[in-house]
Amino acid sequence: MTQLHYVVEDKKGRIDKVLAEIYPDYSRSQIQSWLKEEAVSVNGEIVKANYKVKNQDNIDIQVPEPKELTLEAQDIPLEIVYEDDDVIVVNKPQGMVVHPSMGHPSGTLVNALLFHADSLSSINDVIRPGIVHRIDKDTSGLLMVAKNDAAHVALQDELRERKTLRKYVALVHGVIPHEKGKIDAPIGRSKDNRQKQAIISDGKEAVTHFTVLERFLDYTLIECVLETGRTHQIRVHMDYIGYPIVGDPLYGPKKTIKGNGQFLHAKTLAFTHPTTGELMTFDSELPEIFKQTLKEIENND
């Protein structure tokens, strides 16, 4: 069991909010569960979430051991674009979470892969077998999955060395006047909203290249190429330059086109095969709702 100790200085407010600020590596839901399980004490007394911290309060936390998730193989339909003994390329639909978590214990891509594949790499922790890289729940498109550890290492190295090609198509609010652009702005967890990422000076390097594909009266269709792969990278970068992705519930405006989440699709994926050394390139069609929305925008312009 992990033990945490903190002496309050220059902090005020409810203890659940203060702890979220002090310990950003833990989620708000984890902190709430500590308080419910009476694992948090102040000056030797167990406190609840609404306790208001004071200067020089001594906070002690007995962090409970994490509960293990049991992974279940589930017969969930998958669109397999390519498969051999080393890799699987999947076209993930909008709405599917990539791997299980406390909030999504089942119905994920990993649950489906466990049913489909005889083997998956074991390099990641137990809840992410085979997963080399991720895309958001409400982003659709291509993902590569490793079936063994050697393939996983090779694919991960190629990602780290920025040799993997990942092209996305996105519909954004506003009309971008220039044909191409490069966004080089560091990304880290937002200090105001733990569910969001933000441009912060001490964040991790993040670089996105974009090209305009088509302009409409109020929107622009663009292609984005990732140089790095930070959480929510394209969504954060496009919002940062004033052209948020249509339908984005976190970073976009409230008044937007309805869909199944953000209009962002991982369309093209290219990587070197970990065994043969062959360049593998894959392309996928936009989801039906994406294509239908583009038609409606064209008709309304």
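Shown above is the structure to which this text applies.
Residues numbered from 1 in each chain as written. Predicted model: local features only at pLDDT ≥ 70, side-chain atom pairs only at ≥ 80, totals over all residues. Heavy atoms only, no water.

Trainee: Account for the pairing of strand β17 (residues 279–283), naming residues and giving values.
Mentor: Only one face of β17 is covered, namely the one carrying Met280 and Phe282; the face carrying Leu279, Thr281 and Asp283 has none of its residues buried. Judged from the five bridges that link them, strand β16 (residues 264–272) and β17 form a sheet pairing that is antiparallel. By the bridge assignment for β17, Ala270 is matched with Thr281. If you look at the hairpin formed by β16 and β17, you'll find six residues sitting between the two strands, and Gly277 has a positive phi there, around 80 degrees. (Buried < 20%, exposed > 50% of the residue type's maximum accessible area, 1.4 Å probe, protein only. Helix = DSSP H or I, 4+ residues; strand = E, 2+ residues; numbered from the N terminus. Pairing = 2+ DSSP bridges.)

Trainee: Outline the pairing of strand β6 (residues 58–63), supporting the account with residue identities and numerical values.
Mentor: Every second residue of β6 is oriented toward a common face, the buried set being Ile59, Ile61 and Val63 and the non-buried set Asn58, Asp60 and Gln62. Sheet analysis places strand β3 (residues 40–42) next to β6, joined by three bridges and oriented antiparallel. Note that in β6 the partner of Ser41 across the bridge is Asp60.

Trainee: Requested: an account of the pattern of salt bridges, with residues and values cited.
Mentor: Summed over all chains, the structure comprises 14 salt bridges. A salt bridge links Arg235 to Asp136; its shortest N-O distance comes to 2.8 Å. Taken together, the positions of Arg235 in helix α5 (residues 233–240) and Asp136 in the loop between α3 (109–116) and β9 (140–146) put the pair 99 residues apart, joining distant regions of the chain. When sorted by exposure, Arg235 lands in the same class as Asp136, which is buried. The salt bridge involving Lys267 is made with Asp283; its shortest N-O contact spans 2.7 Å. Placement of Lys267 in strand β16 and of Asp283 in strand β17 is noted, with a sequence separation of 16 residues between them. (Salt bridge = Lys/Arg side-chain N within 4 Å of Asp/Glu carboxyl O.)

Trainee: Can you explain the packing of aromatic side chains? Please cite residues and give values.
Mentor: For the structure on display, the rule yields three aromatic pairs. Pairing Tyr82 with Phe282 gives two aromatic rings, centres 5.5 Å apart and planes at 45 degrees, and the pair type is tilted. Of this pair, Tyr82 sits in strand β7 (residues 80–83) while Phe282 sits in strand β17, and the two are 200 residues apart along the sequence. Their ring planes at 90 degrees and their centres at 5.4 Å tell us that Phe263 and Phe290 sit as a pair that is edge-to-face. Of the two residues, Phe263 is situated in the loop between α5 and β16 and Phe290 in helix α6 (residues 288–300); the sequence distance between them amounts to 27 residues. Of the aromatic side chains, those joined through ring pairs into one cluster are Tyr82, Phe271 and Phe282. (Phe/Tyr/Trp six-rings, centres within 6.5 Å; stacked < 30°, edge-to-face > 60°.)

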